[in-house]
Every structure is written in structure tokens, then in C-alpha cells.
Amino acid sequence: MIAKASAPAKTILFGEHSVVYGEPAIAGAVNKRAYITIRESNNDRSVFKAPDIGFEAELLTRHKKYILTKGKPGIIRYILEALYKAHDHSPIEITLSSNVPIGSGLGSSAAVTVATLAALYRYHNVRFDKKSLAHDAHMVEQAVQGVASPLDTLVSTYGGIVYLSRNKKIEHINAKFNVPFVVGYTTKHGNTGKMVKDVKNLKMRNPKIINPVITAMGNLTNYAKQAILKGDFDKVGELMNINHGFLDVLGVNTLELSRMVYNAREAGAIGSKTTGAGGGGSIIALCPGKVDEVAHAIARDDNILKIRFTRKGVSSRFYK
Ligand code: MEV
């Protein structure tokens, strides 16, 4: 018995931080995926293997614990939480392969969680649909992280470009947005919790300045939705640049992030901005016709990815 599933990573295009205050956000699934395979174990123990990142552990699924055999933990907590939720504790071998670099800011944890749950449901012949899967994956993320926005797991489940409205409704932006982006990631991982707290404190100290900026970020996201629907890439790029400026106001950009953002523009990107929480993490640059130039301009030690948005969400299969 073998079950396989894969799910895409995502990137936030517009609305990071302002989404915390009820403003809209836009995120899209990208053509980098996490692949999970589950098969019966050939002994009485469960193991998790991620050969790409040199990681191997024995899993004590009943106790959400693991015994490390090789490598560093990280993503393992999501796997254990998913197993705790959807597995009967029989011995299995679970393998992860992924072309989403961990720490690239592309939401690898959501992609891994969605793929793990989908593979487990297939393995146990449990009926599921995308709605229940996105919900369960969000619960897993929340259990591991304490707080999590549902956006990452929704995008990894459904694929495509997703708009989260002011009243928290999810809308799929049905547009052909097959345009190339480059992601540049810094060596420093941003701490989302800390960044969210820093913005909150800044807002409390300067409400008359920061509140209108957050509202403007929401309005910008709504303009961006229209521009994406129209396929107006120049407008999307312009709005990305303005958004980067707003993120600067919020104090989440770093020298390394902004250097990549401006180098990308110099090299021909029509828009570039920090993506995600900032304080480290990643930038995204929209660069039709200039992918290689932009990648070259911002690359240092293999820290770039060339991506496109994809409509392909989770996919899963079962083999007897
Ligand atoms: C982090 O990827 C995005 C933030 O808006 C936090 C969140 O929405 O949970 C900074």
C-alpha cells in the first residue's frame, strides 16, 4: 500500500501585516511543491525521511515525539501533528521530497502539512474534500505555531491566486497570471511573531500615522486585485513598489531585503517588495523578460528561486 500527495508552496503578493488588522490580502500558489509518500513500514517502527535535506527520524506517533537519526529537525513538528490527527499509529514510512527550500519564505510548512494530511487520508481511505483538508491543515499549523493565518494552508490546498477580503471571505482570483517572478531569500529567518508585535507597538505609539497607512495598504491590495484580473502587469508592479514603501513605514524591511528589492528594480524588475513578515525572510520581484538579469543581480550563494504562479493545488493518489 502506498499513498502519495503533493501540495504547492505559496507567496504573499499583497497585504502582509495589514491583514492582521482585517485588511485584505492576496497570495498565490507557486510551482514549487512538497511531495509526501507513505508506505507500510518493513518493521514495527515508524520513520520519517527527507533525503533532500538529509533528515531522518524515528517517530513515536502516539506521543508526538521523535528520535533523531540524521540531520536537524524543523518541519518534523508539522508531520507529527498531522500524524497525531489522522493516523492510527500503525508503523509507516513517510518520505518528504521538496523543491521548496526551507526558510525561503514560501510557506513550506503549509505545503508539507497539506500534502501529509492528504496522503494520510488516502492511506487510510478516509473521504475528504478540499474544504475539510484546508481546515484540518490550518488546525495542524495552529497547534504547532500557536497562531497561524488560514491563508497559507488554503492556498496550498486549492492552488491559484487567492484573495482574502476585509470580512475574511476567500475568493479565487480567476485570472491568467502566468508571469515570471524571482524570489530572493536572506540568510536570516524573520520571526513572524516578533515582527507582528513590533508593528502593533509602532501602531500604538503613532496611531494617527500608522492607521491610515494600514488602511491604504488594504486599498492598494484591492487595486492590485483589479490589476491582476485585467492582466495589467505594469500596474501590479507599481503597486508592489508602493507596498514595499508601506512595509518600510511599518519598519519590517531590513538592509538586506531592501538591497535585493532595489537591485531587482535596477536589473529590470517592474515591481519588487518584501514578502511575508520581513525582518529577514524574502523578497519577490516581478520580472517578465528579465528573469535571468534580476536573478543575477540579487543572487548571493544560491539564495534565489525562479517561480510562477500555478492553479494546481493539492493532488493525491493511492496505489495497492
Ligand atoms: C506573515 O507571512 C504574514 C503576516 O501578515 C502575519 C500573518 O498574516 O499571520 C506578517
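Calculation rules
Residues numbered from 1 in each chain as written. Predicted model: local features only at pLDDT ≥ 70, side-chain atom pairs only at ≥ 80, totals over all residues. Heavy atoms only, no water. Core = buried A, V, L, I, M, F, W, Y, C linked by side-chain atoms within 4.5 Å. Buried < 20%, exposed > 50% of the residue type's maximum accessible area, 1.4 Å probe, protein only. Helix = DSSP H or I, 4+ residues; strand = E, 2+ residues; numbered from the N terminus. Domains from an automatic or database assignment. Contact = heavy atoms within 4.5 Å. Polar contact = N/O pair within 3.5 Å; in protein donor to acceptor, adjacent residues only side chain to side chain. Near = heavy atom within 4 Å. Buried area = accessible area lost by both parts, 1.4 Å probe. Salt bridge = Lys/Arg side-chain N within 4 Å of Asp/Glu carboxyl O. Axes fitted to C-alpha atoms, helices over the stretch in contact; angles between N-to-C directions. Parallel < 35°, antiparallel > 145°, perpendicular 65-115°, else oblique. Left-handed = near helix turned anticlockwise from the far one by under 90°. Nonpolar A, V, L, I, M, F, W, Y, C, P; charged D, E, K, R; others polar. Expected span 1.5 Å × (residues − 1).

## Some details on the nonpolar core
Counting 40 residues, the largest nonpolar core has Leu 13, Phe 14, Ile 26, Phe 177, Phe 181 and Ile 228 as the members making the most contacts within it. Considering each element in turn, this core owes the most residues, eight residues, to helix H6 (residues 207–230). Both domains that meet at this core, namely domain 1 (2–175 + 310–319) and domain 2 (181–307), each give it at least three residues. Setting aside residues up to four positions removed in sequence, Ile 228 forms contacts with Leu 13, Ile 26, Ile 161, Ile 173, Ala 175, Phe 177 and Val 236. Counting residues in each nonpolar core, the second largest holds 37 residues, with Leu 80, Ile 92, Val 114 and Val 144 among its members.

## What to know about the side chain of Thr 186
Checked against the element boundaries, Thr 186 lands in the loop between strand E9 (181–185) and helix H5 (192–205). In this structure the side chain of Thr 186 is engaged in a polar contact, spanning 2.9 Å, whose partner is the backbone oxygen of Lys 188. Ignoring sequence-local partners within four residues, the contact set of Thr 186 consists of Glu 256, Leu 257, Met 260, Gly 280 and Gly 281.

## Some thoughts on the environment of Phe 128
Within the secondary structure, Phe 128 sits in the loop between helix H2 (108–123) and helix H3 (130–145). Along the backbone, Phe 128 and Ala 118 are 10 residues apart, and their C-alpha atoms lie at a distance of 8.1 Å. With near-sequence residues (within four places) excluded, Phe 128 lies in contact with Ala 118, Tyr 121, Arg 122, Leu 133 and Ser 316.

## A few points about the site of the ligand
Taken together, Ile 12, Glu 16, His 17, Val 19, Val 20, Ser 149, Thr 192, Val 196, Gly 276 and Ala 277 form the complete shell of residues around the ligand. Counting contributing residues, the shell around the ligand receives three or more from each of domain 1 (2–175 + 310–319) and domain 2 (181–307).

## What to know about the domain arrangement of the protein chain
As assigned here, the protein chain comprises domain 1 (2–175 + 310–319) and domain 2 (181–307). Averaged C-alpha coordinates put domain 1 and domain 2 at centres separated by 25 Å. Opposite the 29 residues of domain 1 that make contact, domain 2 presents 38 residues. With both chains or domains summed, domain 1 and domain 2 bury close to 2,700 Å², and 68% of this area falls on carbon and sulfur atoms. Contact with domain 2 buries surface across domain 1, with Phe 14, His 17 and Tyr 21 losing the most and accounting together for 27% of the total. Linking domain 1 with domain 2 are two salt bridges, by the criterion used here. For Glu 16, the salt bridge goes to Lys 273, with nearest N and O atoms at 2.9 Å. For the side of domain 1 that touches domain 2, the elements supplying multiple residues, two or more each, are strand E1 (2–14), strand E2 (25–40), strand E7 (161–164) and strand E8 (170–173).

## A few points about the packing of H6 against helix H7 (residues 233–249)
Following both chains from N to C, one finds H6 and H7 inclined at 165°, their axes separated by 10 Å at the closest point. As the angle between them shows, H6 and H7 are arranged roughly antiparallel. H6 and H7 meet at a crossing whose hand is left-handed. Where H6 abuts H7, its residues Ile 210, Val 213, Ala 216, Met 217, Leu 220, Tyr 223, Ala 224, Ala 227 and Ile 228 lie against Lys 235, Val 236, Leu 239, Ile 242, Asn 243, Phe 246, Leu 247 and Val 249. In terms of residue class, the contact of H6 with H7 is built from 15 nonpolar, one polar and one charged.

## A few points about H6
Between the first and last C-alpha of H6 there are 35 Å, a value that for 24 residues agrees with the 34 Å anticipated at 1.5 Å per step. Every buried residue of H6 is accounted for by Ile 210, Val 213, Ile 214, Met 217, Gly 218, Leu 220, Thr 221, Ala 224, Lys 225, Ala 227 and Ile 228. Elements that come into contact with the buried residues of H6 comprise E1, E2, E7, E8, H5 and H7.

## Considerations on unusual backbone geometry
Not every positive phi belongs to a glycine, and Lys 64 is a case in point at roughly 50°. Positionally, Lys 64 belongs in the loop between strand E4 (55–60) and strand E5 (65–70). Unlike most non-glycine residues, Lys 168 shows phi in positive territory, near 65°. Along the chain, Lys 168 turns up in the loop between E7 and E8. Since its relative accessible area comes to 49%, Lys 168 is described here as partly exposed.

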